[in-house]
Amino acid sequence: MPPKLRRRSTGAALSHAASGEEAPKSSETSPAPAAAAAGSGRWTRSRSARSHLGLDSDSTDHPRVVSGSSDQPPKKRKKTTTAVAAAAGSTRLASRPVPGRYPDYPSLRPGQHTLSKKHMSAVQEWMEECSRISKLEKQARPEDIPTLRDNPRDPLTPDAVVSSQDKAMVLRVARSVVSVSSSKPDGELISQCTGIVIGWDGANKCAKILTSCSTVCDFDGEFHKPTFKLSVRMPNRTITEGRLLFFNVHYGIALLEVKGDFQLQVPSFGLGINYGQDVFALARDENMSLMVRHGTISWLDYPGLLTNPYMFLSCDIPEGGSGGPVVDHDGNIIGIAFDRNPGPVVISITTIRTCIEMWHQFSRVARPMLGMQLKAVELLDVSMREELCLEYNITGGFIVNLVKVDSTAERIGIRRGDVIVFKDNRCSTLPQLEDYLLSLGWGYLQGLSFTVDLKVEVHNLADSYKESITFPVPFSDASKRVD
């Protein structure tokens, strides 16, 4: 009967399609009704079964075998997989070796005790295999990749720079921060400090580097070695030789010159530094790794420290950080940090820039020699300031903390504990006073005078009187330390 013949024919076709053979022609089946049914949109039981098994002509994964043809079109999925594999095999990434696979920890079989000899032996083998793979990974790993480093090189830097804004600011300033070192002819390291780019001449490929004078001389200004070599490591890790232009022990600075085809950036400079200001101190180590400390500017009472322009940092600076920049939250360099005893100190960038301008014009720096250590009344605690105001009518000026023996100040009668008020300039902080006195050195450099007469008012609190006098301030242009 025709229905039965159709079912047998359908089953045979399915069987041949599944086996990949060509379906034999049958004289008992007629293709016309099937074609008519397909054309009319009606589904026969044979077509429904083929569609259900994925053998319909619209199926891509299981194409229908065409009678009279032995070629089957390749599957699209296989073509895609083959193409991806071929593309991957042609890249450098695909040629990288597969990392070692650590074995799973030995599992216990039912009824097996953790201290059994067999299990302990399996654990021992597991540990040895893990150790072997770990050694292979270390051997295959490059020497120093930041993304594979477990701990930062400087453990204090992450805590010093926390916010995204401060990180972006520090990275911007770091483009101008270099490492400076001095060494003997045999290569032995003498001193390693930090420096900053303060000038760049693109036409002549010449840069000026500001750093600490400890790279070239000792505390008294004597050169380390007459034949020492200066090396400057740039932010791009390039090492070049530096040439000393000048140094000044009193301010602790040295100016170097380097030449080369560098891409250097000159930082922005602030207008000065204030007590209590929140700052960041940047430094470089011998490998040019960036190190940062976060602190505030303070004033500490050290009787043996005669250098008035020094202010202090509430935080330590890293080893090799002497000569590095001190910046505010806007990224402006407001001072230079130096490693001094008893602690890190800061000199205002305005004072240093005046020194550099003097050297550019006169090849020397004229600095004032007060012969006193002062501290600002403004920095006293409120209780002492109230006492000075109520009992002595003193609201500003500078307290004499120490008078140098045989100095001009001692000869004219100034003593420890007096309060001095400079009438020609109402300075309230020591950096402001230093900038004012340093500005008077231009006359000395031009040969107009060897001293400058300052009108000051001296308050003698011990005898309860005040006196206006003329204080002759001498200058020195020596780079070495002058007593």
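Keep in mind the model is a prediction, meaning the values are calculated, not measured.

## Here's the deal with the overall build of the protein
Looking only at helices and strands, the protein features 12 helices and 18 strands. Here the protein holds 483 residues, and the buried ones make up 41% of them. Long-range pairs, those at least 24 residues apart, make up 60% of the contacts in the protein with a sequence separation of at least 6. Total accessible area on the protein is roughly 28,000 Å²; 51% of this is exposed by carbon and sulfur atoms.

## With respect to the nonpolar core
Counting residues in hydrophobic clusters, the biggest one holds 73 residues, and the most contacted among them are Met372 and Leu433. Take this core: its biggest share by element is 6 residues, from helix H8 (residues 349–362). Residue-level mapping places this core at the junction of two domains, with at least three residues from each of domain 1 (176–259) and domain 2 (366–481). Leaving out residues up to four positions away in the same chain, Leu433 has contacts with Leu370, Leu374, Phe398, Phe422 and Cys427.

## Looking at the sheet that holds strand E17 (residues 451–460)
Within a sheet, neighbouring strands are paired by backbone hydrogen bonds and run either parallel or antiparallel to one another. Sheet architecture is open: 6 strands sit in the order E13-E18-E17-E16-E15-E14, paired in antiparallel fashion. Of all the strands in the sheet, just strand E13 (367–368) and strand E14 (372–376) have a single pairing partner and so form its edges. By the bridge criterion, 4 bridges tie strand E16 (residues 419–422) to E17 in an arrangement that is antiparallel. Within E17, the residue paired with Val419 across the bridge is His459.

## Digging into the pattern of salt bridges
Inspection of the entire model under this criterion finds 7 salt bridges. Between Glu188 and Lys184 there is a salt bridge; the shortest N-O distance is 3.5 Å. For Arg243, the salt bridge goes to Glu257, with nearest N and O atoms at 2.7 Å. Taken together, the residues span a long stretch of sequence, with Arg243 in strand E5 (residues 239–248) and Glu257 in strand E6 (residues 253–259) at a distance of 14 residues. Overall, Arg243 belongs to the partly exposed group, its relative accessible area being 47%.

## So, helix H5 (residues 117–140)
The end-to-end C-alpha separation of H5 is 35 Å, in line with the 34 Å expected for 24 residues at 1.5 Å each. Every buried residue of H5 is accounted for by His119, Val123, Cys130 and Ile133.

## Here's the deal with the packing of aromatic side chains
Evaluation of the coordinates by the stated rule reveals 8 aromatic pairs. Centre to centre, the rings of Phe223 and Phe228 are 5.9 Å apart; their planes meet at 40°, and the pair counts as tilted. For Phe223, a relative accessible area of 44% gives the class partly exposed.

## Describing the pairing of strand E12 (residues 344–348)
Successive side chains on a regular strand alternate, one facing one side of the sheet and the next facing the other. Counting buried residues along E12, 5 of its 5 residues qualify, which places the element largely inside the surrounding structure. The alternating pattern of E12 places Pro344, Val346 and Ser348 and Val345 and Ile347 on opposite faces, both of which are buried. When strand E9 (residues 311–313) meets E12, the two strands line up antiparallel, connected through 2 bridges. Residue pairing for E12: Phe312 is matched across the bridge by Val345. Where strand E11 (residues 333–339) meets E12, 5 bridges bridge the pair, whose relative direction is antiparallel. Counterpart to Ile336 in the pairing with E12 is Ile347. The antiparallel pairing of E11 with E12 creates a hairpin that spans 4 residues between the two strands.

Criteria and thresholds
All residue numbers here refer to positions counted from 1 along the written sequence of the relevant chain. Reporting of local features is limited, given that this is a predicted model, to residues whose pLDDT is at least 70; pairs of side-chain atoms are given and counted only at 80 or more, and all residues count toward the totals for whole chains, interfaces and linings. Values reported for side chains reflect all heavy atoms of the structure, with hydrogen atoms and water molecules removed beforehand. Here a helix means four or more residues in a row that DSSP labels H or I, a strand means two or more in a row labelled E, and each is numbered from the N terminus. Relative accessibility decides the category of a residue: with a 1.4 Å probe and only protein chains considered, values under 20% of the type maximum give buried, values over 50% give exposed, and everything between is partly exposed. The contact rule is simple, with two residues in contact once any of their heavy atoms fall within 4.5 Å. For accessible areas, the Shrake-Rupley method is used with a probe of radius 1.4 Å. Any residue's cover is judged against the shown protein chains and nothing else. Here, nonpolar core refers to any group of buried Ala, Val, Leu, Ile, Met, Phe, Trp, Tyr and Cys residues whose side-chain atoms link them within 4.5 Å. Each domain's extent was defined by an automatic or database domain assignment. By this definition, two strands are paired if DSSP reports at least two bridges between them. Between Lys or Arg on one side and Asp or Glu on the other, a salt bridge is scored when a side-chain nitrogen of the former is within 4 Å of a carboxyl oxygen of the latter. One less than the residue count of a helix, multiplied by 1.5 Å, gives the span that helix is expected to have. The pairing test for Phe, Tyr and Trp rings, Trp by its six-membered ring, is centres within 6.5 Å, and the orientation test on the planes gives stacked under 30 degrees, edge-to-face over 60, and tilted for anything in between.

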